[in-house]
Amino acid sequence: MRIGELARRTGVSTRALRYYEEQGLLRPERRSSGYRDYGDTAVSTVRHIRLLLSAGLGTAVIAEILPCVPDDTTVLAPTCPELLDGLAEERTRITAAIERLAAARDILDALIATGTAGQRPGGQEM
DNA sequence: CTTCTGACA
DNA sequence: TGTCAGTA
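These numbers come from a predicted model, not from an experiment.

Further remarks concern the protein's contact with DNA strand C. In the region of DNA strand C, the neighbouring residues are S13, R15, A16 and Y35. The sugar-phosphate backbone supplies 29% of the atoms of DNA strand C found within 4 Å of the protein. Within the side chain of R15, an N or O atom sits 2.9 Å from a base oxygen of DNA strand C. Looking at side-chain class alone, the surface near DNA strand C contains two nonpolar, one polar and one charged residues.

Now for the protein's contact with DNA strand B. Taken together, R2, I3, G4, R18, R30, G34, Y35 and R36 make up all the residues around DNA strand B. Counting only atoms of DNA strand B within 4 Å of the protein, the fraction found in sugar and phosphate groups is 85%. G4 is positioned with one of its backbone polar atoms (N or O) 2.6 Å from a phosphate oxygen of DNA strand B. Residue R18 places a side-chain N or O atom 2.7 Å away from a phosphate oxygen belonging to DNA strand B. Class assignment for the residues of the surface near DNA strand B results in two nonpolar, two polar and four charged.

So, about the UniProt feature "domain: HTH merR-type" (unreviewed entry) in chain A. Under the UniProt annotation, the feature "domain: HTH merR-type" (unreviewed entry) is placed at residues 1–68. Overall, residues 1–68 shows 56% helix and 6% strand. The separation of its end C-alpha atoms is 24 Å.

Procedures and definitions
Residues numbered from 1 in each chain as written. Chains lettered and ligands numbered in written order. Predicted model: local features only at pLDDT ≥ 70, side-chain atom pairs only at ≥ 80, totals over all residues. Heavy atoms only, no water. Near = heavy atom within 4 Å. Polar contact = N/O pair within 3.5 Å; in protein donor to acceptor, adjacent residues only side chain to side chain. Nonpolar A, V, L, I, M, F, W, Y, C, P; charged D, E, K, R; others polar. UniProt positions renumbered as here; feature names shortened; annotations may be inferred. Helix = DSSP H or I, 4+ residues; strand = E, 2+ residues; numbered from the N terminus.

Here you go:
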């Protein structure tokens, strides 16, 4: 199928589809016309990409994960052993990021609290 | 009518 | 990402 049909069948814009290819996530064949030619498995591959993307993974990481996923399966079925380690590392990074954000939020909470106090009688300015 | 590449008010 | 251009 050509890019237009894949776009309709996945709900993903042709722009994004070409972008995925640039990032090495999709490798469609090329027709003599120069048009991209996608196999039926591309539909599930795109779904996998969207899922991984929504999990917060970057295109570089996804590019490494995709070849470890059976083309048709609806759910991600880790076939490569090192894949799990990589995902665990991602999880660690995300956890660290959450902690940094929580710390930033605590600081903002403190700032907001003192600011609110300053707006009412008896409040202490910083 | 559809796709392609490159570019950006 | 959308979108416009100028083609094939």
